[in-house]
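What the coordinates show
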Amino acid sequence: MASHGGERVTTTVEAPPTTHSVHIRGAAKSFGDKRVLTDFDLDIAPGEFVALLGASGSGKSTLLKILCELETVDDGTIHVPAACSVVFQEPRLIPSMPVWKNVVLGRPKALASRAAANDALAEVGLADHADDWPRTLSGGEAQRVALARALVREPKLLLLDEPFAALDALTRIRMHSLVAQLCARHNPSVLLVTHDIDEAILLADRVAVLKAGHKSLDRPVDIPRPRSRGGAAFEDLRRTL
Ligand code: ADP
Ligand code: MG
């Protein structure tokens, strides 16, 4: 329960009652006087890859934090699957643990084996780095470890908060194809938060725009892969941003 505008409102973060993996209705969030989300709606189907675009400061990270319960919502209904993983812009590895332990940290003991970590690291092309210390990794390698750590949990929902923003252009392109390949294999629902329209078009099945607290556009990316970056077909998106 939360107090909002003098009224008591009920908010829930629980398994969805619908066929959707993520179901958000009327989400509202303010920090003091600053309204970040107002009446925000979003659905994500199982296995669907949705990109959420929006200018810096538009509330993208706040929404993502609400979905993984790092932040509370003031009003509205939020349904998300119980199994949820997040990758942030920074890899957030624990420096005092070798790479493999970072991958399985926090898992139940039976699932936190070296073998499980090795398999996950092999999937991101880092089989040879299991015993390395995080500080010896490049930015791209560290982010691949973060991806392995997210996927080893077999999440039903994968939340990606500008995971490529801090990488150089070539590494970013490599990460795009890695993420596309891994998502096709593991098939989680994905919410990718980004301010890069080309990245959104390249990776997502659907693109939504967060503007002035609510969804100002939500449309399928209805051209087959491999996709060219940009093009006149996306003028509506560019205008909205
Ligand atoms: P984005 O990820 O789209 O750049 P954020 O969700 O990080 O935007 O932030 C949206 C707005 O909310 C910004 O104005 C930011 O300063 C503010 N904000 C975010 N988190 C907090 C917080 N914990 N306390 C106060 N203001 C916050
Ligand atoms: Mg952000």
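Located above this text is the structure these notes cover.
These numbers come from a predicted model, not from an experiment.

Let's shift gears to the packing of helix H4 (residues 139–151) against helix H5 (residues 169–186). For the pair H4 and H5, the least separation of the axes is 11 Å and the interaxial angle reads 10°. The angle between H4 and H5 falls in the class roughly parallel. In this structure, the crossing between H4 and H5 has a hand that is right-handed. Every residue of H5 that contacts H4 at Gly139, Gly140, Gln143, Leu147 and Leu151 is listed here: Thr171, Arg174, Met175, Leu182 and His186.

What follows is about the site of ligand 1. The local shell around ligand 1 consists of Phe31, Lys34, Val36, Gly54, Ser56, Gly57, Ser58, Gly59, Lys60, Ser61 and Thr62. Elements supplying a minimum of two residues to the shell around ligand 1: strand E5 (34–44) and helix H1 (60–67). By residue number, the principal contributor to the shell around ligand 1 is H1, which donates three residues. Of the residues in the shell around ligand 1, the class split is two nonpolar, seven polar and two charged.

Grouped together as the largest cluster of nonpolar side chains are 61 residues, with contacts concentrated most on Val103, Ala148 and Leu191. Here alanine 148 is in contact with Val103, Ala120, Leu121, Glu123, Val124 and Leu126, once residues within four sequence places are set aside.

In this section: the environment of aspartate 236. Checked against the element boundaries, aspartate 236 lands in helix H7 (residues 235–240). Here the alpha-carbon distance between aspartate 236 and proline 95, two residues 141 residues apart in the chain, equals 44 Å.

Mapped onto the elements of the fold, glycine 125 is located in the loop between helix H3 (114–123) and H4. For glycine 125, a count of 13 C-beta atoms within 10 Å gives the class partly exposed. Separated by 45 residues in sequence, glycine 125 and leucine 170 have C-alpha atoms that sit 16 Å apart.

Ordered by their spatial adjacency, six strands build an open sheet running E8-E9-E10-E6-E11-E12, and the pairing between neighbours is mixed. The sheet terminates laterally at strand E8 (84–87) and strand E12 (214–220), the two strands that pair on one side only. Put simply, the sheet's adjacent strands are angled 15° from each other on average, direction ignored. Lying over the sheet, H4 contacts E8 and strand E9 (157–161), oriented at roughly 175° with respect to E8.

About the criteria used
- Residues numbered from 1 in each chain as written.
- Chains lettered and ligands numbered in written order.
- Predicted model: local features only at pLDDT ≥ 70, side-chain atom pairs only at ≥ 80, totals over all residues.
- Axes fitted to C-alpha atoms, helices over the stretch in contact; angles between N-to-C directions.
- Helix = DSSP H or I, 4+ residues; strand = E, 2+ residues; numbered from the N terminus.
- Parallel < 35°, antiparallel > 145°, perpendicular 65-115°, else oblique.
- Left-handed = near helix turned anticlockwise from the far one by under 90°.
- Contact = placed C-beta atoms within 7 Å.
- Near = placed C-beta within 6 Å.
- Nonpolar A, V, L, I, M, F, W, Y, C, P; charged D, E, K, R; others polar.
- Core = buried A, V, L, I, M, F, W, Y, C linked by C-beta atoms within 7 Å.
- Buried ≥ 20, exposed ≤ 12 C-beta atoms within 10 Å, placed from the backbone.
- Pairing = 2+ DSSP bridges.

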